[in-house]
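Residue-level structural notes
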Amino acid sequence: QVQLVESGGGLVQPGGSLRLSCAASGISFSLYAMGWYRQAPGKQRELVALISSYGNTNYADSVKGRFTISRDNARNTVYLQMDSLKSDDTAGYYCSARGHSGRQYWGQGTQVTVSS
């Protein structure tokens, strides 16, 4: 059974930082591309950042230079370091795992609220 469990969300002031974690089980983690997506109320889910099984990264333009995705294959965990947070970053953040077959798994999400 595949499980992706996110943690680290919360309430933070504008300009602050948070680090999200996603612990994976039930997959050969090192073989999977991992991603973070977000969805704000009334909006579609959007890609935030991706990291391939080789460690290559891609970011949405809106978070470039502020967010950093990384992975620890020994811990089966992917991270999203979020700095210089803005109110527009407020959303539910979801972890995703995609294997070579194209099948995609999702976590249950963690809420990030940026507000003073």
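My aim in this report is to walk through the structure given alongside it, one point at a time. (Residues numbered from 1 in each chain as written. Predicted model: local features only at pLDDT ≥ 70, side-chain atom pairs only at ≥ 80, totals over all residues. Heavy atoms only, no water.)

Along the protein, the regular secondary structure elements total zero helices and 11 strands. For 116 residues, the compact-globule estimate of 2.2 N^0.38 gives 13 Å, and the C-alpha radius of gyration of the protein, at 13 Å, lies within 12% of that figure. With respect to the three principal axes, the spread of C-alpha positions in the protein is 40 × 25 × 25 Å. The proportion of buried residues among the 116 residues of the protein is 43%. Considering only intrachain contacts with a sequence separation of at least 6, the fraction spanning at least 24 residues in the protein is 54%. Taken as a whole, the protein presents about 6200 Å² of accessible surface, with 43% of it coming from carbon and sulfur. (Helix = DSSP H or I, 4+ residues; strand = E, 2+ residues; numbered from the N terminus. Rg over C-alpha atoms; globule rule 2.2 N^0.38 Å. Buried < 20%, exposed > 50% of the residue type's maximum accessible area, 1.4 Å probe, protein only. Contact = heavy atoms within 4.5 Å. Areas by Shrake-Rupley, 256 points an atom, 1.4 Å probe, with all protein chains shown as cover.)

A few words now on the environment of Ser28. Turning to its location among the elements, Ser28 is positioned in the loop between β3 (18-25) and β4 (33-39). On a C-alpha basis, the gap between Ser28 and Asn73 in space is 9.4 Å, while along the polypeptide they are 45 residues apart.

Further remarks concern unusual backbone geometry. The residue Asn76 is not glycine, and still its phi comes out positive at about 50°. In this model, Ser84 sits at a positive phi of 50°, which is unusual for a non-glycine residue.

Pairing between side chains becomes possible if they bear opposite charge and their charged atoms approach one another. Under the defined criterion, the tally for this structure stands at five salt bridges. With a closest N to O distance of 2.9 Å, Arg38 and Asp89 form a salt bridge. Residue Arg38 is located in strand β4, and its partner Asp89 is located in the loop between β8 (77-82) and β9 (91-98); the two are separated by 51 residues in the primary sequence. Each member of the pair Arg38 and Asp89 is classed as buried. (Salt bridge = Lys/Arg side-chain N within 4 Å of Asp/Glu carboxyl O.)

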